[in-house]
Amino acid sequence: MKFPREKRESRTVAQPPPEAVQRVDGGGAWGPTQFDLPDRNGSNSQAVLIVALVGVVVLLVIAGLWALAYFQFT
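Residues numbered from 1 in each chain as written. Predicted model: local features only at pLDDT ≥ 70, side-chain atom pairs only at ≥ 80, totals over all residues. Heavy atoms only, no water.

**Focus: the overall build of the protein**
Here is the rule we go by: Each helix is a run of H or I in the DSSP string that is no shorter than four residues. Each strand is a run of E no shorter than two, and both are numbered from the N terminus. Calculation of accessible area relied on Shrake-Rupley with a 1.4 Å probe; when residues are assessed, cover is drawn exclusively from the protein chains displayed.
Helix and strand counts for the protein come out as one helix and zero strands. For the protein, the exposed surface amounts to about 7,900 Å²; the carbon and sulfur share of it is 62%.

**Thoughts on the packing of aromatic side chains**
The cut-off we apply is this: Side-chain rings of Phe, Tyr and Trp (the six-membered ring for Trp) are treated as a pair once their centres are within 6.5 Å; stacked means planes under 30 degrees apart, edge-to-face means over 60, and tilted covers the remaining angles. Per-residue accessibility, obtained with a 1.4 Å probe over protein chains only, is compared with the maximum for each type, and a residue is labelled buried under 20%, exposed over 50%, and partly exposed between these values.
All chains considered together, the criterion is met by two aromatic pairs. When the ring of tyrosine 70 is compared with that of phenylalanine 71, the centres are 5.2 Å apart and the planes differ by 80 degrees; the resulting orientation is edge-to-face. Residue class for phenylalanine 71 comes out exposed when judged on its relative accessible area of 62%. Among the aromatic side chains, those forming a connected cluster through ring pairs are Trp66, Tyr70 and Phe71.

**Looking at the UniProt feature "transmembrane region" (unreviewed entry) in the protein**
For the record, the criterion: UniProt positions are given in the numbering used here, feature names are shortened, and annotations may be inferred rather than shown by experiment.
The UniProt feature table records "transmembrane region" (unreviewed entry) at residues 47-71. The distance separating the terminal C-alpha atoms of residues 47-71 is 36 Å; by composition the span is 100% helix and 0% strand.

Structure (structure tokens):
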């Protein structure tokens, strides 16, 4: 049994607020966001370096706590 396809009008679900027309700093009509992407020709090496350093610090803390627990309780 086949049903006919339902045809719907296309309509805008959400619209940016009227004051969004004034915003030109970034993030589009809704304003700047936390996750704005860098320019295509930009470099994200600083972000990679920060994430890598944070990862190394977290791993060192975990290794230190494991070593402390290992030598304390054995």
